[in-house]
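# Descriptive analysis of the structure
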Amino acid sequence: MIYKSDKNEIIDILQDWNLWKREQSSGIPREKYLARLKSFIDTNQVITITGPRRSGKSFIMKQMAKALIEKSKVKAENVLIVNLEDPRFPALSLKLLEQIYEAYLEFLSPKGQIFIFLDEVQEIESWEKWVRMMHELRKAKIIVSGSNAKLLSRELGTLLTGRHLDLTVFPLSFKEFLEFNGVILLDRLDIINRKIEIKGLLRKYLEFGSFPEAVLSEQKKEILLNYFEDIVNKDLLRRFRIRKYQDLNALVKFYLSNISSLATYRSLEKSLKISNDTIEKFSGYLEQVYLVFLLKRFSFKVREQENSPRKVYAIDTGLCNAVGFRFSENFGRLAENLVFLELKRRQALKIEKELYFWKDEYHKEVDFLIKEGLRVKELIQVCWNIRSEKTKSREIRSLLKAMDEFELDEAAIITEDDEAEEKIKGKTIRFLPLWKWLLEDE
Ligand SMILES: Nc1ncnc2c1ncn2[C@@H]1O[C@H](COP(=O)(O)OP(=O)(O)O)[C@@H](O)[C@H]1O
Ligand SMILES: [Mg+2]
């Protein structure tokens, strides 16, 4: 039994988020994601949108809802957006979802295909049962979002196997970052002509990162520190019911100040004085909430892959700098982190891609190895300053060795500002400036 007054209250809340009568600001369009969502919408699948807190998932949902109404001629009352983070909602439960749906049907009387967006759905326990029921009975097309990779995939894994498509939203790519700064690039020539402006912005991108709100605001550092607090307190401590607050904090700080470096649980255990089990468990959590990525070493042997040290990367270079990474001394490591993030974005669009680093028994290293299907397709080295002959020949030697091993004729070295091609023993090495590589079409 639902009382009339409850329903009124629910509708009041929903009105604040929906497009039924009012305009909703939805910011700058993120076209790549919208195009992908559109292709998903046309299938008979539940859509999940995941990604770190504040990467822009809710905005993309609103943009999608708007596009349905404005471009696909869906009636406004056929689209329901539910923001489950709204503190006015009473106890979050399956019953609440049912009440929301009933109130919506009663007040809006939509006819025909309905679209329901459930934002931050993991707030509701067993939400996937309701979603599956709605999906199977074809009552609505459902799009859900959440800031935790595993929670979504585990729950969906068992209940919606083969019935969902996932979109991962990252903070802004460099191209999006330029757009958010008012720089719209029309073609390749445009990129060359505006080189100085673009390079200036790359420095900002390295320093303050690419969370949309931080990019648009003057109070960048405050915003980033707030995000950090929220991720630690809400996504980690609260969600995983962590009591060892100090251990978690020490580990997070360690990772964020050691980006683009190798880490083993054993060395961490020693320097942080935290048990191996705790480190492993917490590291998993940090990956689940997309704060930290621990890249594996490439090997055809799974055991070797699992037991090797990992390379540490963070979701945002601005976040690292805000919590104490020494920015000015470490352009090289920040640049490598940016390359990693861009490769992750490209990987998210092409699921058969796998990303690793490579290292042989003589400690020759290649920063990134990209495998597609059974074959290694790409090798990428990031070297901010290639002017020293010693560095250059070391980077090249490692690449040549890996190229031999994987029978590749081409590989790339991403640098601050060098552009060239060198042919060595019949193999080609391309040198590319980071800003240019970031703007290449994948
Ligand atoms: N496309 C966009 N245009 C302008 N601002 C944006 C955009 N996307 C996100 N933002 C800014 O970033 C903040 C966080 O975005 P939001 O969509 O709420 O992230 P999430 O839902 O992933 O936590 C927004 O409140 C807004 O200030
Ligand atoms: Mg949100």
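Quick summary incoming for the structure in this document. (Residues numbered from 1 in each chain as written. Chains lettered and ligands numbered in written order. Predicted model: local features only at pLDDT ≥ 70, side-chain atom pairs only at ≥ 80, totals over all residues.)

### Points about the pairing of strand 11 (residues 375-382)
Formally: In this analysis, strands are considered paired if DSSP registers two or more bridges between them. Numbering of helices and strands runs from the N terminus, with a helix taken as a DSSP run of H or I at least four residues long and a strand as a DSSP run of E at least two residues long. Seen with the strands pointing away from the viewer, any crossover whose path from the first strand over the helix to the second strand runs clockwise is right-handed.
One ladder, built from five bridges, connects strand 10 (residues 365-372) with strand 11; its direction is antiparallel. Looking at the pairing, L369 lines up with L379 of strand 11. Once strand 10 ends, the chain turns through two residues before running back antiparallel as strand 11, passing G373 with a positive phi of about 65°. Bridging between strand 11 and strand 12 (residues 410-415) involves three bridges; their strand directions are parallel. When the sheet's bridge partners are listed, I380 is paired in strand 12 with A412. Each parallel crossover has a hand, and the one from strand 11 via helix 18 (residues 389-406) to strand 12 is right-handed.

### Examining the nonpolar core
Stated formally: Think of a nonpolar core as buried Ala, Val, Leu, Ile, Met, Phe, Trp, Tyr and Cys residues, each tied to the set through C-beta atoms within 7 Å. The exposure label follows from counting other C-beta atoms within 10 Å of a residue's C-beta, where the C-beta atoms are placed from the backbone and the thresholds are 20 or more for buried and 12 or fewer for exposed, leaving partly exposed in between. An automatic or database domain assignment is the source of the domain bounds shown. Contact between two residues is assigned when their C-beta atoms, built from the backbone, lie within 7 Å.
The biggest cluster of nonpolar side chains holds 113 residues, and the ones touching the most others in it are F117, A314 and V339. Among the elements that take part in this core, helix 17 (residues 331-349) stands out by supplying seven residues, more than any other. Composition of this core by domain shows at least three residues from each of domain 1 (4-168) and domain 2 (175-439). With sequence-adjacent residues up to four places away left out, V339 is seen in contact with F368, I380, V382 and I414.

### As for the site of ligand 1
Filter applied, for reference: Each residue receives a C-beta atom placed from its backbone. It is near a molecule or strand if this atom lies within 6 Å of it. Charged residues are taken to be Asp, Glu, Lys and Arg, nonpolar residues to be Ala, Val, Leu, Ile, Met, Phe, Trp, Tyr, Cys and Pro, and polar residues to be all remaining types, Gly included.
Among the 14 residues in the neighbourhood of ligand 1, the closest are listed as G27, G56, K57, S58 and F59. Put simply, the parts of the chain that give the shell around ligand 1 at least two residues each are helix 3 (57-70) and helix 10 (212-216). A class-by-class count of the residues in the shell around ligand 1 yields four nonpolar, five polar and five charged. Both domains that furnish three or more residues to the shell around ligand 1 are identified here as domain 1 (4-168) and domain 2 (175-439).

### Details of the sheet that holds strand 14 (residues 427-433)
This is how the line gets drawn: In this description, a line fitted to the C-alpha atoms serves as the axis of each element, helices being fitted only across the stretch in contact, and the angle between N-to-C directions of two axes falls anywhere from 0 to 180 degrees.
The strand order 9-10-11-12-14-13 describes an open sheet built from six strands, whose pairing is mixed. The open sheet has two edge strands, strand 9 (353-359) and strand 13 (420-424), and neither has a second partner. Neighbouring strand axes in the sheet, compared pairwise and without regard to direction, differ in orientation by 25° on average. Relative to strand 10, strand 9 runs antiparallel, the two sharing six bridges. Directly across from W358, in strand 10, lies its bridge partner V366. Each of strand 9, strand 10, strand 11, strand 12, strand 13 and strand 14 is contacted by helix 18, which is oriented at about 180° to strand 11, the strand it contacts most.

### Here we look at helix 3
So the rule is basically this: Take the residue count of a helix, subtract one, and multiply by 1.5 Å to get its expected span.
The terminal C-alpha atoms of helix 3 lie 20 Å apart, and with 14 residues this matches the ideal 20 Å at 1.5 Å per residue to within 8%. Counting buried positions over the 14 residues of helix 3 gives 10, a clear majority of the element. If you check which residues of helix 3 are buried, you get K57, S58, F59, I60, M61, K62, Q63, M64, A65 and L68.

### Quick look at the sheet that holds strand 8 (residues 310-314)
Read across the sheet, three strands follow the order 6-8-7 without closing on themselves; strand pairing throughout is antiparallel. Strands with a single pairing partner mark the edges of an open sheet, and in this sheet they are strand 6 (262-263) and strand 7 (292-295). Both strand 6 and strand 8 contribute to a ladder of two bridges, which runs antiparallel. When the bridges of strand 8 are listed, L262 appears paired with K311.

### Overview of helix 4 (residues 94-108)
So the rule is basically this: Directions drawn from the helix axis to the C-beta atoms are what define this arc.
The end-to-end C-alpha distance of helix 4 is 21 Å, a good match for the 21 Å that 15 residues give at a rise of 1.5 Å each. Restricting attention to buried positions, one finds in helix 4 the residues L97, I100, A103 and Y104. Along the axis of helix 4, the buried residues cluster in a sector spanning 130°; they form a single face. Once helix 4 finishes, S109 follows within two positions and takes phi at roughly 40°, a positive value.

### A short note on unusual backbone geometry
Phi is positive for R241, close to 50°, though the residue is something other than glycine. Tracing the sequence through the fold places R241 in the loop between helix 11 (220-238) and helix 12 (245-256). A residue is classified by how many C-beta atoms lie within 10 Å of it, and R241, with 7 of them, is exposed. For H363, which is not glycine, the phi dihedral falls at a positive 65°. Examined against the element boundaries, H363 turns out to sit in the loop between strand 9 and strand 10. The exposed category is assigned to H363, around which 7 C-beta atoms lie within 10 Å.

### A word on the environment of W17
Relative to the helices and strands, W17 resides in helix 1 (residues 4-17). As a C-alpha pair, W17 and N83 span 66 residues in sequence and 7.2 Å in three-dimensional space. Residues contacting W17, with those up to four places away along its chain left out, are I81 and N83.

### Description of the packing of helix 2 (residues 31-41) against helix 3
Quick note on the threshold: An angle counts as roughly parallel when it lies under 35 degrees, as roughly antiparallel when it exceeds 145, as roughly perpendicular when it falls between 65 and 115, and as oblique in every other case. Handedness of each helix crossing follows the sense of rotation of the near helix against the far helix: counterclockwise by less than a right angle gives left-handed, clockwise gives right-handed.
At a minimum axis distance of 10 Å, the contact between helix 2 and helix 3 shows a crossing angle of 60°. Between helix 2 and helix 3, the angle is such that the two are oblique. For the pair helix 2 and helix 3, the crossing hand works out as right-handed. Of the residues in helix 3, those touching helix 2 at Y33, L34 and L37 are I60, Q63, M64 and A67. Residues that form the contact of helix 2 with helix 3 fall into these classes: six nonpolar, one polar and no charged.

Geometry only, nothing functional implied.
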